[in-house]
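# Observations on chain architecture
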Amino acid sequence: MDDNLIITRLVVGSLSANCYIVGEAASGEGIVIDPGGNAATIREAIAASGLDIGTIVLTHGHSDHIAALHDIQEATGAGAAIHIEDADFLEGRGAYSSQFGISYPTPRPPDRLLREGDEICFGDTTLTVLHTPGHTPGSICLRGEGRVFTGDTLFRRGIGTTLMPGSSRRVLLESIRRRLMTLPDATIVHPGHGRETTIGAERRDNPYVRGDW
Ligand SMILES: [Zn+2]
Ligand SMILES: [Zn+2]
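The rules behind these values
- Residues numbered from 1 in each chain as written.
- Chains lettered and ligands numbered in written order.
- Predicted model: local features only at pLDDT ≥ 70, side-chain atom pairs only at ≥ 80, totals over all residues.
- Heavy atoms only, no water.
- Donors = N, O, S within 2.8 Å, 3.2 Å for Na, K, Ca; no water.
- Helix = DSSP H or I, 4+ residues; strand = E, 2+ residues; numbered from the N terminus.
- Buried < 20%, exposed > 50% of the residue type's maximum accessible area, 1.4 Å probe, protein only.
- Arc of directions from axis to C-beta.
- Contact = heavy atoms within 4.5 Å.
- Tetrahedral: all angles 85-135°; square planar, octahedral: opposite > 155°, others 65-115°.
- Phe/Tyr/Trp six-rings, centres within 6.5 Å; stacked < 30°, edge-to-face > 60°.
- Pairing = 2+ DSSP bridges.
- Axes fitted to C-alpha atoms, helices over the stretch in contact; angles between N-to-C directions.

Note on the zinc ion (ligand 1): its protein donors are His 60 (NE2), His 62 (ND1), His 135 (NE2) and Asp 152 (OD). The metal-donor distances range over 2.1 to 2.4 Å. Mapped onto the polypeptide sequence, the residues donating to the zinc ion (ligand 1) form the spacing pattern H-x1-H-x72-H-x16-D. Separation of the zinc ion (ligand 1) from the zinc ion (ligand 2) amounts to 3.5 Å, with Asp 152 serving as a shared donor to the pair. Here the residue His 62 occupies a position in the loop between strand E4 (52-57) and helix H2 (63-66), and His 135 occupies one in the loop between strand E10 (125-131) and strand E11 (140-144), the gap between them amounting to 73 residues. Neither His 62 nor His 135 differs from the other in exposure class; each is buried.

Here you go:
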């Protein structure tokens with residue numbers, strides 16, 4: 001499976017979010033996860049990948065994950081998919097929106113509202129939506145192919161902030177324990193910020209997961 005899957009991580013925007021371009025070598029089909037800024041860089045990486053982007057998936061609605069959404073929608077013609085409980089983040093406020101001091105072109109409304117268990121498909125690959133609220137009410141992780149894309153739910157040795165309106169640390173830790181720590185140790189974690197890790201390494205070394213923070 002892995003030889004067929006191409007994963008490019010781009011670090012974008014002033015908050016250094018990870019934008020992922022994920023696709024299949026065989027079919028040439030792919031998706032973009034979290035176009036959070038630096039639209040030109042993302043566009044160039046998509047072009048270099050040669051992938052046909054079918055969907056732009058948002059792990060949640062914060063500006064550092066959606067700031068380049070409008071541009072990537074325009075460039076690829078792909079529709080956006082976001083959990084129904086985070087869809088309000090995409091609502092238009094004129095030509096430009098602003099959130100947490102980041103101003104960005106207002107994206108088109110989402111084409112697809114996601115719920116627990118929904119599937120994102122490209123070529124022969126399927127990623128399953130895990131609803132993992134806590135950082136935001138509509139935060140999701142995408143699981144498949146021995147991997148999980150965790151957005152701002154789980155980082156290498158860290159977790160997403162719960163200091164935002166609508167965040168809850170209790171709910172976030174419950175999501176991590178019930179939905180992520182139940183995955184196999186070898187599962188590769190692609191977080192929304194920072195380097196990749198594995199479920200096993202976080203089970204062992206993440207102080208928030210261990211409960212000794
Ligand atoms: Zn966030
Ligand atoms: Zn973030």
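Continuing now.
A word on helix H1 (residues 39-49). Every α-helix winds through 3.6 residues per turn, so residues three or four apart in the chain are directed the same way. For H1, every residue scored as buried is listed here: Ala 39, Ile 42, Ala 45 and Ile 46. The buried residues of H1 occupy an angular sector of 130° when projected down its axis, which confines them to one face. Along H1, the residues that are exposed and aim more than 90 degrees away from the buried face are Glu 44, Ala 47 and Ala 48. Considering only its buried residues, H1 is in contact with strand E1 (5-12), strand E2 (17-24), strand E3 (29-33), E4 and helix H3 (69-76). In the segment just after H1, Gly 50 is the residue with positive phi, at about 70°.

This next bit is on the environment of Glu 29. By the element assignment, Glu 29 lies in strand E3. On the accessibility criterion, Glu 29 (36% relative accessible area) is partly exposed. Spatially, the C-alpha atoms of Glu 29 and Gly 123 are 5.6 Å apart, while their sequence positions differ by 94 residues. Residues within four places of Glu 29 in sequence aside, it is in contact with Gly 23, Glu 24, Leu 51, Asp 52, Phe 122 and Gly 123.

A word on the coordination of the zinc ion (ligand 2). Bound to the zinc ion (ligand 2) on the protein side are Asp 64 (OD), His 65 (NE2), Asp 152 (OD) and His 193 (NE2), at distances that span 2.1 to 2.2 Å. Taken together, the four donor atoms surrounding the zinc ion (ligand 2) define angles of 90 to 153° at the centre, an arrangement classified as irregular. For the zinc ion (ligand 2), the donor residues sit on a single chain with the sequence spacing D-H-x86-D-x40-H. His 193 gets classed as buried once you look at its relative accessible area, which sits at 17%.

Applying the stated criterion across every chain yields a total of one aromatic pair. Note on Tyr 20 and Phe 149: the rings are 5.2 Å apart at their centroids and 70° apart in plane angle, and the pair reads as edge-to-face. Of the two residues, Tyr 20 sits in strand E2 while Phe 149 sits in strand E12 (residues 147-151), which places them 129 residues apart along the sequence. Residue classification places Tyr 20 among the buried residues on the basis of a relative accessible area of 4%. A residue is classified by how much of its surface remains accessible, and Phe 149, at 2% relative accessible area, is buried.

What follows concerns the sheet that holds strand E15 (residues 188-191). One open sheet holds the six strands; their spatial order is E9-E10-E11-E12-E15-E16, and the pairing between them is mixed. Of all strands in the sheet, those bounded by a partner on one side alone are strand E9 (119-122) and strand E16 (197-198). Pairing analysis gives four bridges linking E12 to E15, with the strands arranged parallel. Bridged to Val 148 within E15 is Val 189. The sheet strands contacting helix H4 (residues 169-180) are E10, E11 and E12, and the helix crosses E10 at an angle near 140°.

Worth remembering: the numbers are spatial, not functional.
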